[in-house]
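Examination of the molecular architecture
Residues per chain are reported as follows:
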Amino acid sequence: MTDTETNYLTMARVTAQYLADCRAVWEPAAPRLLPDYLRLTALLADAAAVGTTLSGTNSRGYTDAKDLAEDGAVAAALRVVKGLRTVQLNAHRPELAAVAAYTKSGLDRLRDENLLTALAAVAKAAAPLAAELAAERVKAEALDDLDQKIAAYRPLVGTPRGQIVAGSTLRTTARKLVAQLHTAFEPLDTRMDSLGEEPEFAPLLDGYQKARVIVDAGHGPQGPQAPK
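The structure displayed is predicted, hence computed values, not measured ones. (Residues numbered from 1 in each chain as written. Predicted model: local features only at pLDDT ≥ 70, side-chain atom pairs only at ≥ 80, totals over all residues. Heavy atoms only, no water.)

Moving on, we get to the overall build of the protein. Broken down by element type, the protein carries 11 helices and 2 strands. When the helices and strands of the protein are listed from N to C terminus, the series reads α-α-α-α-α-α-α-α-α-α-α-β-β. Within the protein, buried positions represent 42% of all 228 residues. For the protein, restricting intrachain contacts to residue pairs at least 6 apart in sequence, the fraction spanning at least 24 positions comes to 74%. Only carbon and sulfur atoms are counted for the fraction: they give 56% of the accessible area of the protein, which is about 12,100 Å². (Helix = DSSP H or I, 4+ residues; strand = E, 2+ residues; numbered from the N terminus. Buried < 20%, exposed > 50% of the residue type's maximum accessible area, 1.4 Å probe, protein only. Contact = heavy atoms within 4.5 Å. Areas by Shrake-Rupley, 256 points an atom, 1.4 Å probe, with all protein chains shown as cover.)

Next comes the structure, spelled out in structure tokens:
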């Protein structure tokens, strides 16, 4: 895991502990927050299981061939997506809206067949626009690279990763878990922000926001960061 991912996991654990400590306060007032809280704790349990598996092993071993192929395909797709966005500036095409909206965090949240479908959609949308893309400095080599990266990733879809947590339902890497944690915080942030509008719950919100601060061990505290 990268330092950024480790820092985010640390923040998530601190926030989950804060919510656990204050559960008697927020649960009666906002019962719909409970499923969101439980999803957060479930993801953190999966992260702990991954951490147990990784302990005693070189963390690089966890990034197996499938992860590397996936990362390469996503990077290649994003290069083409940026070109498609530029093409959209010249002449708006509604049929490009979906693929032009892809982001790294959005693609990182997709897995296996869903990711493959998204990558193929980018390649399909770009193919007839090769000339326009080339004019925007996304040349044929970039399109070929995407096709090659998709071809390398496709046979690995559905195959197990190099490290699997035995007996658990975990089917994702630590990087994917962090992406899911970003998503899990979206409803929590919204509900807590709404609850904090009531004066009696303002201290609760203040504590939550402080827990949500991501601390960079090498550079000190950062401000609260919204999920991407």
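On we go.
Note on placement: arginine 93 falls in the loop between helix 4 (65–90) and helix 5 (97–100). Overall, the relative accessible area of 17% leaves arginine 93 in the buried class. In terms of polar contacts, arginine 93 uses its side chain to reach the side chain of glutamate 132, at 2.9 Å. Apart from the residues lying within four places of it in its own chain, the contact partners of arginine 93 are Val87, Gln88, Leu129 and Glu132. (Polar contact = N/O pair within 3.5 Å; in protein donor to acceptor, adjacent residues only side chain to side chain.)

Okay, a positive patch on the surface next. On the surface, Arg79, Lys82, Arg85, Arg137 and Lys139 cluster together to form a positively charged patch. Along the polypeptide, arginine 79 turns up in helix 4. (Patch = residues over 30% accessible without salt bridge, like charges linked within 9 Å, V, L, I, M, F, W, Y side chains within 5 Å. Salt bridge = Lys/Arg side-chain N within 4 Å of Asp/Glu carboxyl O. Lys, Arg positive; Asp, Glu negative; His and termini not counted. Charge placed at Lys NZ, Arg CZ, Asp CG, Glu CD.)

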